[in-house]
Amino acid sequence: MEELFLKKIAEAYQTYDTSIVEEYLANDMHYASYWVFQELTSKEDYLDYLRGKLQTMKNSGMTFEFQIVNGQYHSKALLVHKVNGQLDDQGGFVADFNEEGKVIMLNMTISSFF
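None of these values were measured; they are calculated from a predicted model. Per chain, the residues get numbers from 1 upward, laid out in the order the sequence is written. With pLDDT at 70 or above as the cut-off, local features in this predicted model cover only qualifying residues; side-chain atom pairs require 80 or more to be listed or tallied, and sums for whole chains, interfaces and linings still use all residues. Only heavy atoms go into the side-chain values, all of them from the structure, while hydrogens and water stay out.

**Concerning the pairing of strand S5 (residues 91-97)**
In terms of residue burial, S5 counts as a mostly covered element, since five of its seven residues are buried. Relative to strand S6 (residues 103-110), S5 runs antiparallel, the two sharing seven bridges. Each residue of the ladder has a partner; that of Gly 92, found in S6, is Thr 109. A pair of strands counts as paired when DSSP detects no fewer than two bridges linking them. Runs of H or I in DSSP of at least four residues are treated as helices and runs of E of at least two as strands, each being numbered from the N terminus. A loop of five residues connects S5 with S6, the two strands running antiparallel in sequence, and Gly 101 in this loop sits at a positive phi of about 85°. Burial status follows relative accessibility: with a 1.4 Å probe on protein chains alone, a residue under 20% of its type maximum counts as buried, one over 50% as exposed, and anything between as partly exposed.

As structure tokens, this is what we get:
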């Protein structure tokens, strides 16, 4: 489940389409970023944030490449590998799931926390 969801996040970023991940998120999911102060505390808030972020990226022509990697704290992580052709091994995504297999916590963080 973890690897499938991480691939879906990558696809959402590459196609600028939030609907790809929507069904995988718990309604009470949280999203935190190492680079952003405030944590988002619902599926609705995260999807609103992601829609805006992806639209901005699309408008500016920003593209990403990703790689699934093994983590130390999570079995799998999604490394942001390239941004507009520039190598960026600074961070990526890790996810935690509830008993129903829905994402309850999504973190965008530095790779040493994978």
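**Examining helix H3 (residues 43-60)**
To estimate how far a helix should reach, multiply one less than its number of residues by 1.5 Å. Taking 1.5 Å as the rise per residue, H3 with 18 residues should run 26 Å; its terminal C-alpha atoms sit 26 Å apart, in good agreement. For H3, the complete set of buried residues consists of Lys 43, Tyr 46, Leu 47, Leu 50, Leu 54 and Met 57. What you see down the axis of H3 is that its buried residues fit within an arc of 95°, all on one side. Residues of H3 that are exposed and angled more than 90 degrees away from the buried face: Glu 44, Thr 56, Asn 59 and Ser 60. The criterion used for residue contact is that any of the two residues' heavy atoms lie within 4.5 Å. Buried-residue contacts for H3 involve helix H1 (2-15), helix H2 (19-22), strand S1 (25-33), strand S2 (64-70) and S6. Gly 61 sits one or two residues past H3 and shows a positive phi near 80°. The arc in question is traced by the directions running from the helix axis to the C-beta atoms.

**Quick notes on the environment of Gln 72**
Relative to the assigned elements, Gln 72 resides in the loop between S2 and strand S3 (76-83). Between the C-alpha atom of Gln 72 and that of Ser 111, which follows or precedes it by 39 residues, the distance is 9.6 Å.

**Notes on H1**
The first and last C-alpha atoms of H1 sit 20 Å apart over 14 residues, in line with the 20 Å expected at 1.5 Å per residue. All buried positions along H1 are accounted for by Glu 2, Phe 5, Leu 6, Ile 9, Ala 10, Ala 12 and Tyr 13. One face of H1 carries all of its buried residues, which in axial projection span an arc of 155°. Phi turns positive one or two residues past the end of H1, at Tyr 16, with a value near 60°.

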